[in-house]
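Analysis of the macromolecular model
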Amino acid sequence: MELQQVNPWRALIALCIGFFMILVDSTIVSVATPAIQEGLHTDINSVVWVTSAYLLAYAVPLLFTGRLGDRFGPRRLYLTGLALFTLSSLWCGLTNTIGMLIAARVVQGVGAAMMTPQTMAVITRTFPGERRGQAMSLWGAVAGVATLVGPVVGGLITENWGWEWIFYVNVPVGVIGFVLAWWLVPTLPVHSHTFDWVGVSLSGAGLFCLVFGIQEGESYDWGTMWGIISVPLLIVLGVVLMVLFVWWQARTKVDALVPLALFRDRNFSLANVAICIVGFVITSFALPMMIYAQVVRGLSPIESGLLFVPMAVLAAILSPAVGHLVDRYHPRVVAGFGLTCLAVGAFWLGAVIGPDTPTWKLVLPMLVLGMANGFMWSPISVTATRTLPPQRAGAGSGVYNMTRQMGAVIGSAAIAAVMQARLTHHLGSGAGDYAARQSNTPVHLPPFVAHGFARSMGESIYLPAAIAIIAIIAVLFFRNPHGERTVIDAPPQKETAAG
């Protein structure tokens, strides 16, 4: 389909089907972890890699796959990634060993990495600036809701049909999404690039070391992995490689993998700070909440996931209206309100968590967090992409999504460390091991232990609440993008139709 024939809303809806699926897959497996461990007769350290392998393979290639969309067309890259994701989902369900499941999850992550930057690139290139806020509100609602419904859907499927079906369900959804994207997503002009293979190597190795070290550090007690390399050294190596990557990007004579000119746009830079914090907060507050619900309250995985439903529903209801606000008002006002709700809601939730807290007292701060999800995704995304020129859309969306994913990885590692520290403070040095043994089954804790455990989880949520303040400060410095022209200078690129 050619661009002049396209209905951008239909194209966006088609893309959001696959986007929703890959984001749900980031969280859906966590609820099925005990069932996978039992079904494949493996240990907890091995089964954790079912999630870790996916997140690593998803995060590391995002910079490169965004640029591939510029070169070969976002439609072509999206369809290729969706096909890869769907086929590897079938592989996941059919496997009968933990090693093969981990390998299939790696392929799934690569497919997801190919798809994600293309959704934002198509929005940037098909919607005019004055309507982009409404489009990004739908994209943001999908991102926000998908990360929240994963535990609910995962618990429902696992308890009724078995862990294999959390992967099998992707197959019909993927086929429908592929057909709709083939039919409705337009063929966009591509921009010829000379690929920066040195940049690809440096960024891939650096991101792998950083993400792997941060994500797995707690598992190795921030010590030595496999008796060979220490976690801190691996993280330092990742930082050094990323510094070399930035140095190379500033000096390379070929097309840079990340055009540093992107960061001359103050809004793009600040939006990346904000979305990194959002990824951190959304990922980190959910884990102590789920453990509290199951260990202290004795809820099942499905019942625990249902605590997130008010937040997801309110976010979905608010997002269309917020899209209209984004197209009319300064983004610092809309995003600032949403991020303030994020900080207040997280702090409130942490404060009310206790062994005997009534459910309605938990729902109230969750509704405030729903308002946050409704108001923050769209204005941050629009602010990041509104003034990007078409030839930078793929690179910009790749950076943006990689930043969000890095925030999520850092958040998951940080909250694990804080939870361990608070449990030790309230219950003693053996509390962490006790939590690990009990977090997958409903139990009745003695009153003293229940109180200390609940307060440990609540106080852990103060961390994302405090971190959210950084994002509030960042968006206060947004420029008003309404009426602005593209501000990033870029040499003209040769365009051809593809994708």
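Model, not experiment: these values are computed from the prediction.

1. Points about the overall build of the protein
- Scanning the protein for helices and strands turns up 19 helices and four strands.
- Looking at the 499 residues of the protein, the share that counts as buried comes to 59%.
- A sequence separation of at least 24 residues applies to 85% of the contacts in the protein between residues at least 6 apart.
- When the accessible surface of the protein is summed, it comes to about 19,200 Å², and 67% of that surface belongs to carbon and sulfur atoms.

2. Points about unusual backbone geometry
- Its identity as a non-glycine residue notwithstanding, H41 has a phi of 55 degrees, on the positive side.
- Along the chain, the position of H41 falls in the loop between helix 1 (8-39) and helix 2 (44-59).

3. Focus: the side chain of S456
- For S456, the location among the structural elements is in helix 18 (residues 447-460).
- Exposure remark for S456: the relative accessible area of 0% places this residue in the buried category.
- Engagement of the side chain of S456 in a polar contact is seen with the backbone oxygen of R422, the distance being 3.1 Å.
- S456 has contacts with R422, L423 and H426, leaving out every residue within four places of it along the chain.

4. As for the environment of A32
- Following the sequence through the fold, A32 ends up in helix 1.
- Contacts of A32, omitting those with residues within four sequence positions, involve T158, W163 and I166.

5. Quick look at the side chain of T119
- Position of T119 among the secondary structure elements: in helix 5 (residues 98-126).
- Residue class for T119 comes out buried when judged on its relative accessible area of 1%.
- A distance of 2.7 Å separates a polar side-chain atom of T119 from the backbone oxygen of T116.
- Not counting residues within four places of it along the chain, the set of residues in contact with T119 comprises L15, F19, Y78 and W139.

6. Brief notes about the packing of helix 14 (residues 331-352) against helix 15 (residues 359-385)
- In the contact formed by helix 14 and helix 15, the axes pass within 7 Å of each other and the chain directions differ by 150 degrees. As summarised for this structure, helix 14 and helix 15 are arranged roughly antiparallel, according to the angle between their axes. Between helix 14 and helix 15 lies a crossing of left-handed hand.
- Partitioned by chemical class, the residues of the contact of helix 14 with helix 15 number 23 nonpolar, three polar and one charged.

7. A few points about the packing of aromatic side chains
- Enumeration according to the criterion identifies 10 aromatic pairs in this entry.
- Measuring from ring centre to ring centre gives 4.9 Å for F347 and Y462, while their planes differ by 25 degrees; the resulting arrangement is stacked. With F347 in helix 14 and Y462 in helix 19 (residues 462-475), this residue pair connects regions lying 115 residues apart in the sequence.
- By relative accessible area, F347 is classed as partly exposed at 47%.
- Taking the relative accessible area as the measure of exposure, Y462 reaches 27% and is therefore partly exposed.
- The ring of F72 carries the charged tip of R71 above its face, separated from the ring centre by 5.1 Å.

8. Details of the pattern of salt bridges
- Applying the stated criterion across every chain, the model contains two salt bridges.
- R105 is the partner of D25 in a salt bridge, and the nearest nitrogen-oxygen pair spans 2.9 Å. Residue D25 is found in helix 1, and its partner R105 is found in helix 5; the two are separated by 80 residues along the sequence. For the pair shown, D25 and R105 are each scored as buried.
- The residue R422 makes a salt bridge to E459 at a minimum N-O spacing of 2.8 Å. One end of the pair, R422, is in helix 16 (residues 393-427); the other, E459, is in helix 18, with 37 residues separating them in the sequence.

9. Observations concerning a nonpolar patch on the surface
- Taken together, V236, V240, L244 and W247 make up a surface patch of nonpolar side chains, about 360 Å² in accessible area.
- Relative to the assigned elements, W247 resides in helix 10 (residues 231-251).

10. Here we look at the confidence of the model for the protein
- For the protein, per-residue confidence averages 81 on the pLDDT scale, and residues scoring 70 or more make up 88% of the total.
- Put simply, strand 4 (residues 495-497) is where the protein has its lowest mean pLDDT, 45, and helix 19 is where it has its highest, 96.
- Here residues 435-442 is a poorly scored stretch, pLDDT under 50, and it has 12 contacts once near neighbours within four places are set aside; other chains count.
- Per-residue pLDDT stays below 50 along residues 486-499; that stretch engages in 44 contacts with residues further than four places along the chain or on separate chains.

11. Examining the environment of R479
- The residue R479 is located in the loop between helix 19 and strand 4 in this model.
- The spacing of R479 and L270 is 209 residues in sequence and 9.9 Å in space, taken between C-alpha atoms.

12. Quick notes on helix 11 (residues 266-296)
- Taking 1.5 Å per residue as the helical rise, helix 11 with its 31 residues ought to reach 45 Å, and the 45 Å between its terminal C-alpha atoms agrees with that figure.
- For helix 11, a buried count of 25 out of 31 residues is recorded, marking the element as mostly surrounded by other parts of the structure.
- Between a side-chain oxygen at the N-terminus of helix 11 and the backbone nitrogen of N267 the separation is 2.9 Å; the capping residue is D265.
- After helix 11 finishes, the residue G298 shows a positive phi value of roughly 70 degrees.

13. Let's talk about the packing of helix 9 (residues 197-216) against helix 10
- It is the contact of helix 9 with helix 10, at a shortest axis distance of 8 Å, that shows an interaxial angle of 155 degrees. On the basis of their axis angle, the class for helix 9 and helix 10 is roughly antiparallel. In terms of crossing hand, the pair formed by helix 9 and helix 10 is left-handed. Across the interface between the two elements, V198, G199, L202, S203, A205, G206, L207, C209, L210, F212, G213 and I214 of helix 9 pack against V231, L234, I235, L237, G238, V239, L241, M242, L244, F245, W248 and Q249 of helix 10.
- Split into classes, the residues belonging to the contact of helix 9 with helix 10 amount to 18 nonpolar, six polar and no charged.

14. Quick notes on the environment of L210
- Secondary-structure assignment places L210 in helix 9.
- Sequence separation between L210 and V240 is 30 residues, and the spatial gap between their C-alpha atoms is 10.0 Å.
- If we ignore the near neighbours within four places in the chain, the residues touching L210 are I235, G238, V239, M242 and M406.

Conventions we followed
Residues numbered from 1 in each chain as written. Predicted model: local features only at pLDDT ≥ 70, side-chain atom pairs only at ≥ 80, totals over all residues. Heavy atoms only, no water. Helix = DSSP H or I, 4+ residues; strand = E, 2+ residues; numbered from the N terminus. Buried < 20%, exposed > 50% of the residue type's maximum accessible area, 1.4 Å probe, protein only. Contact = heavy atoms within 4.5 Å. Areas by Shrake-Rupley, 256 points an atom, 1.4 Å probe, with all protein chains shown as cover. Polar contact = N/O pair within 3.5 Å; in protein donor to acceptor, adjacent residues only side chain to side chain. Axes fitted to C-alpha atoms, helices over the stretch in contact; angles between N-to-C directions. Parallel < 35°, antiparallel > 145°, perpendicular 65-115°, else oblique. Left-handed = near helix turned anticlockwise from the far one by under 90°. Nonpolar A, V, L, I, M, F, W, Y, C, P; charged D, E, K, R; others polar. Phe/Tyr/Trp six-rings, centres within 6.5 Å; stacked < 30°, edge-to-face > 60°. Lys NZ or Arg CZ within 6 Å of the ring centre and 35° of its normal. Salt bridge = Lys/Arg side-chain N within 4 Å of Asp/Glu carboxyl O. Patch = residues over 30% accessible without salt bridge, like charges linked within 9 Å, V, L, I, M, F, W, Y side chains within 5 Å. pLDDT = per-residue confidence, 0-100. Expected span 1.5 Å × (residues − 1).

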